[in-house]
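# A closer look at the structure
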Amino acid sequence: MPAWVEQAYAQYAKRMPAHIRVRLRQLSPGKRSKGADIERVLRDEGERVLAATPKGARAIALERRGRQLDTLALAQALREWMAQGRDIALWIGGPEGLAENCLIQAQEQWSLSALTLAHPIVRVVVVEQLYRAWSIIANLPYHR
C-alpha cells in the first residue's frame, strides 16, 4: 500500500481505545494472470478469509449492495457490537469483491457506498468511520 494509506490507517487505528482495538489483517490475493480462473481465485480467497476469521467473531462483509448506515446508525451498531463482547471481523474483498461463500456466511453486509471504492481507500474510510462512531459514543467533539 502507498505510504499515505498506511499513515492514515495507522493514525485512526491508534486513536481507538484499548477496549476497541482495531487490527488489520491482510491476506495475500490470488494470482490474477492472463487466463486465470477468476472463479477459482475468488473461491480460494474466500476460503482464506474464512480461515483467518477469529472463531466466534461476528462477520460483516463490506459489500456494495449491503445495508448503508449513516454515521449515527454506525455508532449505534458499534454500541451493540461492543455490548455483545465478541470480536468483529470486517471482510473487505479483492478486486472482484468477496466470494459467494463469504457473503452467505457473513452475519450482515455493510455498504460504504454504492460507488466502487479503490482498495486502499476502503481501509482508511472504515477505520475513520469506526473512530467517528466511537467518538459519538464517548461524547467526544471529533464528530462535529
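This text goes with the structure placed above it.
Residues numbered from 1 in each chain as written. Predicted model: local features only at pLDDT ≥ 70, side-chain atom pairs only at ≥ 80, totals over all residues. Heavy atoms only, no water.

## Here's the deal with the packing of aromatic side chains
In total, this model carries 4 aromatic pairs according to the counting rule given. Pairing Tyr12 with Tyr131 gives two aromatic rings, centres 6.2 Å apart and planes at 45 degrees, and the pair type is tilted. You can see Tyr12 sitting in helix α1 (residues 3–15) and its partner Tyr131 sitting in helix α5 (residues 119–137), a full 119 residues away along the chain. On the basis of relative accessibility, which here comes to 16%, the residue Tyr12 falls in the buried class. Since its relative accessible area comes to 10%, Tyr131 is described here as buried. (Phe/Tyr/Trp six-rings, centres within 6.5 Å; stacked < 30°, edge-to-face > 60°. Helix = DSSP H or I, 4+ residues; strand = E, 2+ residues; numbered from the N terminus. Buried < 20%, exposed > 50% of the residue type's maximum accessible area, 1.4 Å probe, protein only.)

## Description of the sheet that holds strand β2 (residues 88–91)
Two strands in a sheet stick together by hydrogen bonds in their backbones, pointing the same way (parallel) or opposite ways (antiparallel). Spatially, 3 strands are ordered β2-β1-β3 in an open sheet, and the strand pairing comes out parallel. Two strands lie at the open edges of the sheet, namely β2 and β3 (108–111), each paired on one side alone. Averaged over all pairs of adjacent strands, the angle between their axes in this sheet comes to 45 degrees, without regard to strand direction. Relative to the sheet, helix α3 (residues 71–84) contacts β1 (58–68), β2 and β3, its axis offset from that of β1 by approximately 165 degrees. (Pairing = 2+ DSSP bridges. Axes fitted to C-alpha atoms, helices over the stretch in contact; angles between N-to-C directions. Contact = heavy atoms within 4.5 Å.)

## A few points about a nonpolar patch on the surface
A contiguous nonpolar surface patch, about 380 Å² in accessible area, is contributed by Trp4, Leu115, Leu117 and Ile121. For Trp4, a relative accessible area of 47% puts it in the partly exposed group. (Patch = residues over 30% accessible without salt bridge, like charges linked within 9 Å, V, L, I, M, F, W, Y side chains within 5 Å. Areas by Shrake-Rupley, 256 points an atom, 1.4 Å probe, with all protein chains shown as cover. Salt bridge = Lys/Arg side-chain N within 4 Å of Asp/Glu carboxyl O.)

## A word on the pattern of salt bridges
Evaluation of the coordinates by the stated rule reveals 5 salt bridges. For Arg40, the salt bridge identified is with Asp44, shortest N-O distance 3.1 Å. With Arg40 and Asp44 both in helix α2 (residues 38–52) and 4 residues apart, this pair spans about one turn of that helix. Classification of Asp44 as partly exposed rests on a relative accessible area of 25%. For Arg132, the salt bridge identified is with Glu128, shortest N-O distance 2.8 Å. With a gap of 4 residues between them, Arg132 and Glu128 both fall in helix α5, about one helical turn apart. Of the residues examined, Glu128 reaches a relative accessible area of 11% and is grouped as buried. The structure contains a network of salt bridges with shared partners spanning Arg58, Arg67 and Glu108.

## Considerations on the layout of surface pockets
Approximately 1400 Å³ is the volume found for the largest pocket. As for the largest pocket, its lining consists of 45 residues, and the residues nearest its centre are Arg23, Arg25, Ile88, Ala89 and Leu90. At the level of elements, α2, α3, β2 and α5 are the ones that each hand at least two residues to the lining of the largest pocket. If you tally residues by element for the lining of the largest pocket, the top one is α2, at 6 residues. Roughly 500 Å³ of internal volume is contained in the second largest pocket. In this structure, the second largest pocket is lined by 23 residues; those nearest its centre are Leu62, Glu63, Arg64, Gly97 and Thr116. (1 Å grid on protein atoms, 1.4 Å probe; cavity = no way out; pocket = protein on both sides within 12 Å on 5 of 7 lines; lining within 4 Å. Points joined across faces, edges and corners; volume = space filled by probe spheres on them.)

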